Amino acid sequence: TGHWGQQCLAITLDMTCTSVGQIVSDAGTGTVECSIPSSCCACQQVFCGYNPSGRYCDNIKVGAPNALYGVKQVAIKGEVGGSGAVMDCGARGSCADTYIMGEWVNTMICGGPDSCRGSILEFKQSNGLICNTRACISTTFNFPSNRGGAISCDAPEACMNSVMNVAGNI
């Protein structure tokens, strides 16, 4: 069981979170990877771009099934005034039932089936969102300020039953 009460695979030493409730950050590298199934599922928090060095986040890569599933404190901050960060939830259920907040996020990709299902995504100074087939079902999008871009829900059932609260240019 993960920190937030969600079902995760048993923790192994090759996972990003090796204990329930662990806090993971990019530690100034600009990247966080959740690259094996359930690898960040047990985390309490995942942060990228919020560190004492001032280094911004390049990307959070969530490329395995249920890798970040159910984590309620995920934060990503890209380069202010620059191109911004990329949040890539590319696998089945990879970022489902999460709360992700971000600033200066250039691209949010919900690529795998159910990858962002039931999540809350809240971005300031965002530049768009891509939801592929069945990726953003019942997802809430809060974009109080934007830099442009687009919300792409062009695939079948991509944003079914979702709520979008958008201000500014998008």
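Before reading further, recall that the structure is shown in the block above.
Scope of this entry: the structure provided in the associated data block. In this text, all values refer to a predicted model and were calculated from it rather than measured experimentally.

**Quick word on the packing of aromatic side chains**
Phase 1 of the analysis: All chains considered together, the criterion is met by three aromatic pairs.
Phase 2 of the analysis: Here the aromatic rings of F47 and Y50 are separated by 6.4 Å at their centres, their planes lie at 75 degrees, and the arrangement is edge-to-face.
Phase 3 of the analysis: Since its relative accessible area comes to 24%, F47 is described here as partly exposed.
Phase 4 of the analysis: According to the relative accessible area criterion, Y50 is partly exposed, its value standing at 30%.
Phase 5 of the analysis: Relative to F143, the ring of F141 lies with its centre 6.2 Å away and its plane at 40 degrees, an arrangement referred to as tilted. F143 matches F141 in its accessibility class, with the two residues each being buried.
Phase 6 of the analysis: Taken together, the ring pairs connect F123, F141 and F143 into an aromatic cluster.
Phase 7 of the analysis: If you follow R55 out to its NZ or CZ, it ends over the ring of Y56, 4.7 Å from the centre.

**Quick notes on the nonpolar core**
The nonpolar side chains of a soluble globular protein tend to be buried, and buried together.
Phase 1 of the analysis: Judged by nonpolar contacts, the single largest core of 37 residues is most densely connected at I60, L68, M87, M108 and C110.
Phase 2 of the analysis: Not counting residues up to four positions away in its chain, the partners in contact with I60 are V32, C48, V74, A75, I76, V86, M87 and D88.

**As for the state of the cysteines**
Phase 1 of the analysis: In the structure shown here, the tally under the stated rule is eight disulfides.
Phase 2 of the analysis: Through a disulfide, C89 is tied to C95; the S-S separation comes to 2.0 Å. The disulfide joining C89 to C95 has a torsion of about -85 degrees about its S-S bond and is therefore left-handed.
Phase 3 of the analysis: Each sulfur in the disulfide pair C131 and C136 lies 2.0 Å from the other. Between C131 and C136, the S-S dihedral sits near -85 degrees, and the bridge is therefore left-handed.

**Describing the sheet that holds strand β5 (residues 74-77)**
The strands that make up a sheet are held in pairs by hydrogen bonds between backbone atoms, and each pair lies either parallel or antiparallel.
Phase 1 of the analysis: Across the sheet, which stays open at both edges, the seven strands sit in the order β1-β3-β5-β7-β9-β11-β13 with parallel pairing between neighbours. The open sheet is flanked by β1 (23-25) and β13 (163-166), the only strands paired with a single partner. Between one strand and the next, the sheet's axes are offset by a mean angle of 10 degrees, whatever the strand orientation.
Phase 2 of the analysis: Inspection of the sheet shows strand β9 (residues 120-126) paired to strand β11 (residues 140-146) by five bridges, in the parallel sense. Of the residues in β11, the one forming a bridge with L121 is F141.

**Quick notes on the sheet that holds strand β10 (residues 129-131)**
Phase 1 of the analysis: Sheet architecture is open: six strands sit in the order β2-β4-β6-β8-β10-β12, paired in parallel fashion. Bordering the open sheet on either side are β2 (31-34) and β12 (151-152), each of which pairs with just one other strand.
Phase 2 of the analysis: The sheet contact formed by strand β4 (residues 59-62) and strand β6 (residues 85-89) spans four bridges and is parallel. Across the sheet, N59 pairs through a bridge with V86, a residue of β6.

**Focus: the side chain of Q6**
Phase 1 of the analysis: Along the polypeptide, Q6 turns up in the segment before β1.
Phase 2 of the analysis: Separated by 2.7 Å, the side chain of Q6 and the backbone oxygen of C41 make a polar contact.
Phase 3 of the analysis: Sequence-distant contacts of Q6, defined by excluding residues within four places in its chain, comprise T1, C41, Y69, G70 and V71.

Conventions adopted
- Residues numbered from 1 in each chain as written.
- Predicted model: local features only at pLDDT ≥ 70, side-chain atom pairs only at ≥ 80, totals over all residues.
- Heavy atoms only, no water.
- Phe/Tyr/Trp six-rings, centres within 6.5 Å; stacked < 30°, edge-to-face > 60°.
- Buried < 20%, exposed > 50% of the residue type's maximum accessible area, 1.4 Å probe, protein only.
- Lys NZ or Arg CZ within 6 Å of the ring centre and 35° of its normal.
- Core = buried A, V, L, I, M, F, W, Y, C linked by side-chain atoms within 4.5 Å.
- Contact = heavy atoms within 4.5 Å.
- Disulfide = S-S within 2.5 Å.
- Pairing = 2+ DSSP bridges.
- Helix = DSSP H or I, 4+ residues; strand = E, 2+ residues; numbered from the N terminus.
- Axes fitted to C-alpha atoms, helices over the stretch in contact; angles between N-to-C directions.
- Polar contact = N/O pair within 3.5 Å; in protein donor to acceptor, adjacent residues only side chain to side chain.

Treat this as a map of the structure, not an account of what it does.
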